[in-house]
Number of protein chains: 2
Amino acid sequence: MDTKPQSQDNPSQYNADAFAKPSVTVDVAAFTAREGKLCVLLVKRGVWPFAGAWALPGGFVRLDEDLDTAVQRELVEETGVAAAHYLEQLYTFGAVGRDPRTRVISVAYYALLPGPESGLPLAASEPEAGTDAAEARWWPVDSLPSLAFDHAEILATALTRLRAKLGYTSVAYALLTEEFTLTELQTVYEIILGYSLDKRNFRKKMLAAEILEGTPRQKRDGAHRPAQLFRFTKKEPVFMG
Amino acid sequence: MDTKPQSQDNPSQYNADAFAKPSVTVDVAAFTAREGKLCVLLVKRGVWPFAGAWALPGGFVRLDEDLDTAVQRELVEETGVAAAHYLEQLYTFGAVGRDPRTRVISVAYYALLPGPESGLPLAASEPEAGTDAAEARWWPVDSLPSLAFDHAEILATALTRLRAKLGYTSVAYALLTEEFTLTELQTVYEIILGYSLDKRNFRKKMLAAEILEGTPRQKRDGAHRPAQLFRFTKKEPVFMG
DNA sequence: ATACATTGTGTTTCATGGACACAAAGCCGC
DNA sequence: GCGGCTTTGTGTCCATGAAACACAATGTAT
């Protein structure tokens, strides 16, 4: 209802700033698939608290920007990676003691970016220690350093959500380049899920979902049979039966 | 990362309050099933903005309380209903213009309470215009007044989530009293989903899910065959195959 | 004891998901 | 140019879960 800190009997003299406020940040778990592993983008903290520890990129929300905007801005500022191909709000973490400085409520997001091996413009996903962070790099999610704040919990939540959503939507588009082979698509699934899939069943399901369209182009990969290139018909996640 | 507004080179002189901050509220869509309809708890606003309009209960988060705590407190303060049997964070709404007063970021929840007809202690779910709100009452979700702020959007999100979650978890426990008949359980499902279900399939699925246990007691309902009373084995939502 | 309203129970059918093997295409080396 | 290698591309069977569907049993009131 948003009514608490104002004088009930004098609506004209509203003062929203009469009470001490929590701070609001956004934090983002940005994922990509590279070198056969699912990786998340982390930055090394330079300052107290958790100086020297690795953390999810993030920062304070400005008064005049939407939450999504804040996330994209922080990603660029702190890590230099281009705008995420997919961004989804995850959960809001607001426990009282989660930040030793003061009360901080963090709206967590996860983001997906195409990997470098699918032959994409490299710059888009290469981190380069932004203006704020000491260092930024991709970490495989199966060999992470220990994380600052409650970021391990945020990351675990993000991973669970990503894996679930991969199963019943077409979000995988955000992890690939415009055109790709069915084997490349399957590899992305396998990397993220962490186990291997049956080729025939995978192709059957993907083609039945009506989310892909074939192109006349092929990818010829060295000494073997060329593969047809496909693309997603929509660049937004749609439900898959 | 939570680093933006502090001096990078002087970690000891941290001042988290150096920047203007958004306000943080919680809002809650509290549902119950009564008189054959799915109802949501609304309060009538007494003050600007949207004075006279109906809104979801909610209010500012205090510095020293967790988000869930704030929700339960606001529910009691504004509507007088007892603590919700189930509470789940929904989404955080933070668009710049969503509140005409100032920048307000709202962490939205939905809550479930048992209805009165299942023979529960009435007081627990009878609203009685709390200290803050002019008036509080249950509204059937299929005949709502127009809502303040973006609360219609929040409510729509809550409804979608509730209906989905009812299908694959045992959250329905929060809408019933301790013991209930299978027909009462089915009625709750039908009220929330908005369509009727096949009795045999419903019972088969519920009993197969291993979330219920029979009691030796029966409910004798007037002039007809008595029905066995059941209870949920866990008072937390568990996944149902 | 008979009529009434509600509880309580099984089978068939269909769709979906998982296991499983082999021919076709292109390149390389000989 | 022929054989060998590696990857693409395809179809069937089986099990499991979801949906349709009807009737006997129980207790009360007349």
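Residues numbered from 1 in each chain as written. Chains lettered and ligands numbered in written order. Predicted model: local features only at pLDDT ≥ 70, side-chain atom pairs only at ≥ 80, totals over all residues. Heavy atoms only, no water.

Turning to the overall build of chain A, a few remarks are in order. Scanning chain A from N- to C-terminus turns up four helices and 10 strands. Moving toward the C terminus, one meets the helices and strands of chain A in the order β-β-β-β-α-β-β-β-α-β-α-α-β-β. Scored against the burial criterion, the 241 residues of chain A give a buried share of 52%. A separation of at least 24 residues holds for 66% of the contacts in chain A among residues at least 6 apart in sequence. Accessible surface, chain A: about 10800 Å² in total, of which carbon and sulfur atoms supply 51%. (Helix = DSSP H or I, 4+ residues; strand = E, 2+ residues; numbered from the N terminus. Buried < 20%, exposed > 50% of the residue type's maximum accessible area, 1.4 Å probe, protein only. Contact = heavy atoms within 4.5 Å. Areas by Shrake-Rupley, 256 points an atom, 1.4 Å probe, with all protein chains shown as cover.)

Take the interface of chain A and chain B next. A common way to report how large an interface is uses the accessible area buried once the components associate. Each side of the interface is counted separately: chain A has 55 residues, and chain B has 56 residues. Taking both sides of the interface into account, the surface hidden between chain A and chain B amounts to around 4600 Å²; carbon and sulfur atoms contribute 56%. The tally of links between chain A and chain B comes to zero salt bridges. Where chain A packs against chain B, one counts 12 residue pairs in polar contact (both at pLDDT 80 or more). Listing elements by their share of the side of chain A that touches chain B, those giving two or more residues are β1 (23–34), β4 (58–60), α1 (67–79), β5 (86–93) and β6 (104–112) of chain A. Broken down by element, the side of chain A that touches chain B gets its largest block of residues, five residues, from α1(A). For the side of chain A that touches chain B, a count of residues per class yields 25 nonpolar, 12 polar and 18 charged. (Buried area = accessible area lost by both parts, 1.4 Å probe. Salt bridge = Lys/Arg side-chain N within 4 Å of Asp/Glu carboxyl O. Polar contact = N/O pair within 3.5 Å; in protein donor to acceptor, adjacent residues only side chain to side chain. Nonpolar A, V, L, I, M, F, W, Y, C, P; charged D, E, K, R; others polar.)

Turning next to the nonpolar core. B:Phe31 and B:Leu185 are the most contacted members of the largest nonpolar core, which has 45 residues in total. Those elements that provide at least two residues to this core are β1 (23–34), β2 (37–44), β5 (86–93), β6 (104–112), α2 (151–168), α3 (182–193), α4 (199–208) and β10 (227–232) of chain B. Of the residues forming this core, the biggest block, seven residues, is contributed by α3(B). Two domains each provide a minimum of three residues to this core, namely domain 1 (23–165) and domain 2 (172–232) of chain B. Beyond its immediate chain neighbours, meaning those up to four positions away, B:Leu185 contacts B:Ala172, B:Leu176, B:Phe180, B:Phe202, B:Met206, B:Leu212 and B:Phe232. A:Tyr86, A:Tyr110, A:Leu147 and A:Val188 belong to the second largest nonpolar core, which has 44 residues in total. (Core = buried A, V, L, I, M, F, W, Y, C linked by side-chain atoms within 4.5 Å. Domains from an automatic or database assignment.)

Attention now moves to the protein's contact with DNA strand C. As a structural note, the neighbourhood of DNA strand C is formed by 20 residues, with A:Arg225, A:Pro226, B:Arg203, B:His224 and B:Arg225 the closest of them. Here DNA strand C approaches the protein such that, of its atoms within 4 Å, sugar and phosphate make up 46%. Taking A:Arg200, its side chain carries an N or O atom lying 3.4 Å from a base nitrogen of DNA strand C. Note that a base oxygen of DNA strand C is positioned 3.2 Å from one of the side-chain N or O atoms of B:Lys204. Ranked by residue count, the leading element in the surface near DNA strand C is α4(B), at four residues. (Near = heavy atom within 4 Å.)

Further remarks concern α1(A). Residues and elements named next belong to chain A. Taking 1.5 Å per residue, 13 residues should reach 18 Å; α1 reaches 18 Å between its end C-alpha atoms and fits that length. What α1 keeps buried is the set Leu 67, Ala 70, Val 71, Arg 73, Glu 74, Leu 75, Glu 78 and Thr 79. At the C-terminal side of α1, Gly 80 shows a positive phi close to 80 degrees. (Expected span 1.5 Å × (residues − 1).)

What follows concerns the packing of aromatic side chains. Using the criterion set out here, one finds 16 aromatic pairs over all chains in the structure. Centroid distance A:Tyr173 to A:Phe232: 6.2 Å. Interplanar angle 70 degrees. Geometry classified as edge-to-face. In this pair, A:Tyr173 is assigned in the loop between α2 (151–168) and β8 (180–181) and A:Phe232 in strand β10 (residues 227–232), connecting sequence segments 59 residues apart. Accessibility assignment for this pair places A:Tyr173 and A:Phe232 in one class, buried. Taken together, a centroid distance of 5.2 Å and an interplanar angle of 65 degrees make the contact between B:Tyr91 and B:Phe93 edge-to-face. Taking NZ or CZ as reference, A:Arg137 lies 3.8 Å from the ring centre of A:Trp139, over its face. (Phe/Tyr/Trp six-rings, centres within 6.5 Å; stacked < 30°, edge-to-face > 60°. Lys NZ or Arg CZ within 6 Å of the ring centre and 35° of its normal.)

In the neighbourhood of DNA strand D, 20 residues make up the surrounding shell, with A:Lys199, A:Arg200, A:Arg203, A:Arg225 and B:Arg225 lying closest. In DNA strand D, the atoms that sit within 4 Å of the protein are 46% sugar and phosphate, with bases accounting for the remainder. The separation between a base nitrogen of DNA strand D and a polar main-chain atom of B:Ala223 is 3.0 Å. For the surface near DNA strand D, the elements supplying multiple residues, two or more each, are α4 (199–208) and β10 of chain A together with α4 of chain B. When residues in the surface near DNA strand D are grouped by element, the largest group, four residues, is from α4(A). For the surface near DNA strand D, the per-class residue count stands at four nonpolar, six polar and 10 charged.

Residue and element names in this part refer to chain B. Turning to its location among the elements, Ser 170 is positioned in the loop between α2 and β8 (180–181). What makes Ser 170 buried here is its relative accessible area of 2%. Excluding anything up to four places from it in sequence, Ser 170 contacts Ile 211, Phe 232, Glu 236, Pro 237, Val 238 and Met 240.

A separate point is the sheet that holds β10(A). Where strands meet in a sheet, backbone hydrogen bonds hold them as pairs that are either parallel or antiparallel. All names here are of chain A. If you trace the three strands from one edge of the open sheet to the other, you get β8-β10-β9, paired in antiparallel fashion. Of all strands in the sheet, those with a lone pairing partner are β8 and β9 (212–219), marking the two edges. In this structure, β9 lies alongside β10, joined through five bridges in antiparallel fashion. By the bridge assignment for β10, Gln 218 is matched with Gln 228. (Pairing = 2+ DSSP bridges.)

What follows is about the packing of α3(B) against α4(B). When two helices pack together, their arrangement is captured by the angle between the axes and the distance separating the axes. All names here are of chain B. Where α3 contacts α4, the axes come no closer than 11 Å and their chain directions differ by 100 degrees. Classed by the angle they form, the pair α3 and α4 counts as roughly perpendicular. Two secondary-structure elements touch here, α3 through Leu 182, Thr 183, Leu 185, Gln 186 and Tyr 189 and α4 through Lys 199, Phe 202, Arg 203, Met 206 and Leu 207. (Axes fitted to C-alpha atoms, helices over the stretch in contact; angles between N-to-C directions. Parallel < 35°, antiparallel > 145°, perpendicular 65-115°, else oblique.)

Our focus in this paragraph is the relation of the copies chain A and chain B. For the pair chain A and chain B, the best superposition has an RMSD of 0.1 Å and corresponds to a rotation of 180 degrees with a translation of 0.0 Å parallel to the axis. Such a combination of turn and shift is consistent with a two-fold rotation axis. (Least-squares fit on C-alpha atoms with pLDDT ≥ 70 in both.)

Okay, the pattern of salt bridges next. All names here are of chain A. Under the counting rule described, the total for this entry stands at 30 salt bridges over all chains. Residues Glu 88 and Arg 161 are paired through a salt bridge, measuring 3.0 Å at the closest nitrogen-oxygen approach. Of this pair, Glu 88 sits in strand β5 while Arg 161 sits in helix α2; the two residues are 73 residues apart in sequence, bridging distant segments of the chain. Residue classification places Glu 88 among the buried positions, given a relative accessible area of 11%. A single network of salt bridges, built from pairs that share partners, joins Arg 62, Glu 65, Arg 73, Glu 74 and Glu 77.

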